[in-house]
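The residues making up each chain are set out below.
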Amino acid sequence: GGAVQECLPSGNDTEAEIEAKYLGSLINEFLASCPEDQQKIFVRRYWYFDSVAEIAETYGFSQSKVKTTLFRLRESLKEHLEKGGYDL
């Protein structure tokens, strides 16, 4: 449930639903392989839409650490999704 399903088109588009679930599971699998600090930063930014400043303050990181971590996570996630068959 949660964030992935809110992005789904309405109606009975089963293919899109399966696709979204698969994408969600790829993202979860990717996050599970990341260190806890990185998971926290990713989730605060992309699930809760916290600002970089808010994330830095919450966890006592510098804003540059948060920005760098997010950049690297996006690059790694892109690679992970491409391996999973998503052409981004």
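Residues numbered from 1 in each chain as written. Predicted model: local features only at pLDDT ≥ 70, side-chain atom pairs only at ≥ 80, totals over all residues. Heavy atoms only, no water.

Tracing the sequence through the fold places T69 in helix α5 (residues 63-83). What makes T69 buried here is its relative accessible area of 13%. Only 2.7 Å separates the side chain of T69 from the backbone oxygen of K65, close enough to count as a polar contact. Excluding residues within four positions of it along the chain, T69 makes contact with Q38 and I41. (Helix = DSSP H or I, 4+ residues; strand = E, 2+ residues; numbered from the N terminus. Buried < 20%, exposed > 50% of the residue type's maximum accessible area, 1.4 Å probe, protein only. Polar contact = N/O pair within 3.5 Å; in protein donor to acceptor, adjacent residues only side chain to side chain. Contact = heavy atoms within 4.5 Å.)

With that out of the way, let us pick up unusual backbone geometry. The residue F49 is not glycine, and still its phi comes out positive at about 60 degrees. Within the fold, F49 resides in the loop between α3 (36-46) and α4 (52-59). Take F49: its relative accessible area is 61%, and that puts it in the exposed class.

Bringing the packing of helix α2 (residues 14-32) against α3 into the picture now. The contact between α2 and α3 brings their axes to 9 Å, and the two run at 145 degrees. Taken together, the residues of α3 that come into contact with α2 (itself represented by I27, L31 and A32) are Q39, F42 and V43. Residues that form the contact of α2 with α3 fall into these classes: five nonpolar, one polar and no charged. (Axes fitted to C-alpha atoms, helices over the stretch in contact; angles between N-to-C directions. Nonpolar A, V, L, I, M, F, W, Y, C, P; charged D, E, K, R; others polar.)

On to the environment of S62, then. Structurally, S62 is set in the loop between α4 and α5. Separated by 10 residues in sequence, S62 and V52 have C-alpha atoms that sit 9.3 Å apart. For S62, the side chain forms a polar contact with the side chain of S64, separated by 3.2 Å.

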